[in-house]
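# Examination of the molecular architecture
These are the residues of each chain, in order.
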Amino acid sequence: MTETQKSATLSLNGETYELPIFSPTAGPDVLDIRKLYAQAGVFTYDPGFTSTASCDSTITYIDGGKGELLHRGYPIDQLASKSHYLEVCYLLLYGELPTAAQLEDFETRVTRHTMVHEQMHNFFRGFRRDAHPMATLVGVVGAMSAFYHDSLDVTDPWQREVAAVRLIAKLPTIAAMAYKYSIGQPFVYPKNDLDYSANFLHMCFSVPSEEYHVNPILSRAMDRIFILHADHEQNASTSTVRLASSSGANPFACIAAGIACLWGPAHGGANQACLEMLKEIGSVDRIPEFIERAKDKNDPFRLMGFGHRVYKNTDPRAKVLKQSADEVLELLGVEDNPLLQVAKELEQTALNDPYFIEKKLFPNVDFYSGIILEAMGFPTSMFTPIFALSRTVGWISQWKEMIADPQNKIGRPRQLYLGETMRDYTDIEKR
Ligand code: ACO
């Protein structure tokens, strides 16, 4: 970030104030208003942070107009086609693509941490069997702070590193355990001769009584889903993690806060909501009815998997996933999957409809991911946990960046107060 010679002038009540302007390496200039309240006695008002940069970061860049997503400068489509998830994790965490030796060391460290503390099995058993796996995930990840006391001190860089590796390594195990618990099957221990994605499929779909062979095409598709969800700059859940950690809270508590935020249908919960919507639509002849509902201001229905705060063009992740959906369904011999037909037709209808064109609403990452996950055998309730486990590396990378930043302060937004001014308490019998 460089402070340019440029500045903006604010005129207020006969006074003028110079606001410095920062030029990022990519993206629009940023007005520095940090001293505004101290100097001019006013706040800025920006609910939803539509015009506010909450931090500086070097991890991920999105150009919403072009539909471009870069991790440490590398385009997401190149990473999805040439890299694999743990290499992308390394890139996000440490800033550069690893050498072969660095990658091997990182993979070994992650792999050695895939088991969870045995006592956590008992912790799982306290949940109702019909709990949503996201509910279980929020609880268990928060509870990691009760199990891993040697990686709670956020002021110690080594403990931060251990917490990061533990979270990346254990999230698939915990997500798979949440799934197994919900269907009444025994927990499956990780198998460390499998790669990260194959191991996750093994923990979800194998049972002790039978041999299970992971199909390499499916584990590659799984890996691609993990890569595409790995980070997305200052979205709601990442900002939640940053805000939670700004108070110095431990990493497991902060990631649990991110998972809670991700669960909502406007964010990570959209993949479940989208598949449920496609099922509700059911056949292509019902598409016009749902398009009309999505456009009706008096109907709360929205086209799930469509629209994005930042992308005003196709979400590049959706492009990769559309292709992946075709490949996976062909492999599984279900190319004529009715949900895929509905999804493709719905996408075309929306993209040609003036309402969606004018509002720049395009398919997002959640539009096709559910179709792939369902074809792989996951129930809809597992879609958001899979998003959460993929995004953990993004949350952790942003968390590490924030803690190491000397400018780090507790996050404390201001407000535009519109309530009552001071008034006297009225005794209950007089109300
Ligand atoms: N269907 C119909 N209309 C929509 C949709 C949609 N999916 N998305 C936005 N719009 C309309 C809004 O009604 C609004 O219209 P208006 O200007 O006439 O009031 C306009 O487009 C702008 O929408 P906002 O909600 O103001 O945009 P915002 O940036 O706040 O919301 C969001 C983005 C939450 C993603 C929204 O597009 C949405 O709800 N989409 C459906 C849920 C979804 O797919 N979420 C996943 C996001 S990606 C992710 O988290 C991984």
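What you see is a predicted model, and the numbers here were worked out from it, not measured in a lab.

## Details of the overall build of the chain
- Check the secondary structure of the chain and you find 18 helices and 6 strands.
- Here the chain has a C-alpha radius of gyration of 23 Å; the compact-globule value for 431 residues is 22 Å, and the two agree.
- When its C-alpha atoms are laid out on the principal axes, the chain stretches across 80 × 65 × 55 Å.
- Counting the 431 residues in the chain, one finds 48% classified as buried.
- Across the chain, contacts joining residues at least 24 apart in sequence account for 68% of those joining residues at least 6 apart.
- Counting only carbon and sulfur atoms, one obtains 53% of the accessible surface of the chain, whose full area is about 21,600 Å².
- Averaging the positions of the 41 positive and the 53 negative side-chain charges in the chain gives two centres separated by 4 Å.

## So, a nonpolar patch on the surface
- Taken together, Ile217, Leu331, Leu332 and Val334 make up a surface patch of nonpolar side chains, about 280 Å² in accessible area.
- Relative to the assigned elements, leucine 332 resides in the loop between helix H14 (316–331) and helix H15 (338–351).
- According to the relative accessible area criterion, leucine 332 is partly exposed, its value standing at 33%.

## Topic: the environment of arginine 423
- Mapped onto the elements, arginine 423 comes out in the segment after helix H18 (383–404).
- Given the relative accessible area of 62%, arginine 423 is considered exposed.
- Counting along the chain gives 335 residues from arginine 423 to valine 88, while the straight-line C-alpha distance between them is 57 Å.

## Some points on the site of the ligand
- Around the ligand lies a shell of 21 residues, among which Arg302, Leu303, Gly305, Arg309 and Lys359 are the nearest.
- Between the ligand and the protein, one listed contact pairs an oxygen atom with a side-chain N or O atom of arginine 302 at 2.9 Å.
- A per-class count over the shell around the ligand returns 11 nonpolar, 5 polar and 5 charged.

## Re helix H13 (residues 287–295)
- Listing the buried residues of H13 in full gives Ile287, Phe290, Ile291 and Ala294. The arc enclosing the buried residues of H13, seen along the axis, measures out at 105 degrees, which places them on a common side.
- At its buried positions, H13 is contacted by helix H12 (270–281), H15 and helix H16 (354–358).

## Digging into the nonpolar core
- Formed by 114 residues in total, the largest nonpolar core has its most connected members in Val141, Phe200, Met222, Leu303 and Phe378.
- Per-element tally for this core: the top contributor is helix H7 (residues 157–182), with 14 residues.
- Those residues in contact with leucine 303, other than ones at most four positions away along the chain, are Met277, Ile291, Ala294, Leu346, Ala350 and Phe356.

## With respect to the pairing of strand E4 (residues 60–63)
- With 4 bridges joining them, E4 and strand E5 (residues 68–71) adopt antiparallel strand pairing. Within E5, the residue paired with tyrosine 61 across the bridge is leucine 70.
- Hairpin geometry of E4 and E5 is characterised by an intervening segment of 4 residues between the two adjacent antiparallel strands and by a positive phi of about 70 degrees at glycine 67.

## Examining the state of the cysteines
- On inspection of all chains with the given rule, the structure shows 0 disulfides.
- Cysteine 204 carries a free sulfur, and the closest cysteine sulfur to it, the one in cysteine 89, is 17 Å from it.
- Cysteine cysteine 274 remains unbridged, with the sulfur of cysteine 261 as its closest cysteine sulfur at 19 Å.

## A look at the pairing of E5
- Inspection of the sheet shows E5 paired to strand E6 (residues 74–75) by 2 bridges, in the antiparallel sense. Note that in E6 the partner of leucine 70 across the bridge is proline 75.
- Turn length for the E5-E6 hairpin, with the two strands adjacent in sequence and antiparallel, is 2 residues, and the turn residue arginine 72 shows positive phi of about 50 degrees.

## Quick look at the sheet that holds E6
- Ordered in space as E4-E5-E6, the 3 strands form an open sheet in which the pairing is antiparallel. Where the open sheet ends on each side, the last strands, each with one partner, are E4 and E6.

## Considering the environment of lysine 359
- Its place among the elements puts lysine 359 in the loop between H16 and helix H17 (366–376).
- Exposure remark for lysine 359: the relative accessible area of 37% places this residue in the partly exposed category.
- In sequence terms lysine 359 and proline 413 are 54 residues apart; their C-alpha atoms lie 29 Å from each other.

Parameters at a glance
- Residues numbered from 1 in each chain as written.
- Predicted model: local features only at pLDDT ≥ 70, side-chain atom pairs only at ≥ 80, totals over all residues.
- Heavy atoms only, no water.
- Helix = DSSP H or I, 4+ residues; strand = E, 2+ residues; numbered from the N terminus.
- Rg over C-alpha atoms; globule rule 2.2 N^0.38 Å.
- Buried < 20%, exposed > 50% of the residue type's maximum accessible area, 1.4 Å probe, protein only.
- Contact = heavy atoms within 4.5 Å.
- Areas by Shrake-Rupley, 256 points an atom, 1.4 Å probe, with all protein chains shown as cover.
- Lys, Arg positive; Asp, Glu negative; His and termini not counted.
- Charge placed at Lys NZ, Arg CZ, Asp CG, Glu CD.
- Patch = residues over 30% accessible without salt bridge, like charges linked within 9 Å, V, L, I, M, F, W, Y side chains within 5 Å.
- Salt bridge = Lys/Arg side-chain N within 4 Å of Asp/Glu carboxyl O.
- Near = heavy atom within 4 Å.
- Polar contact = N/O pair within 3.5 Å; in protein donor to acceptor, adjacent residues only side chain to side chain.
- Nonpolar A, V, L, I, M, F, W, Y, C, P; charged D, E, K, R; others polar.
- Arc of directions from axis to C-beta.
- Core = buried A, V, L, I, M, F, W, Y, C linked by side-chain atoms within 4.5 Å.
- Pairing = 2+ DSSP bridges.
- Disulfide = S-S within 2.5 Å.

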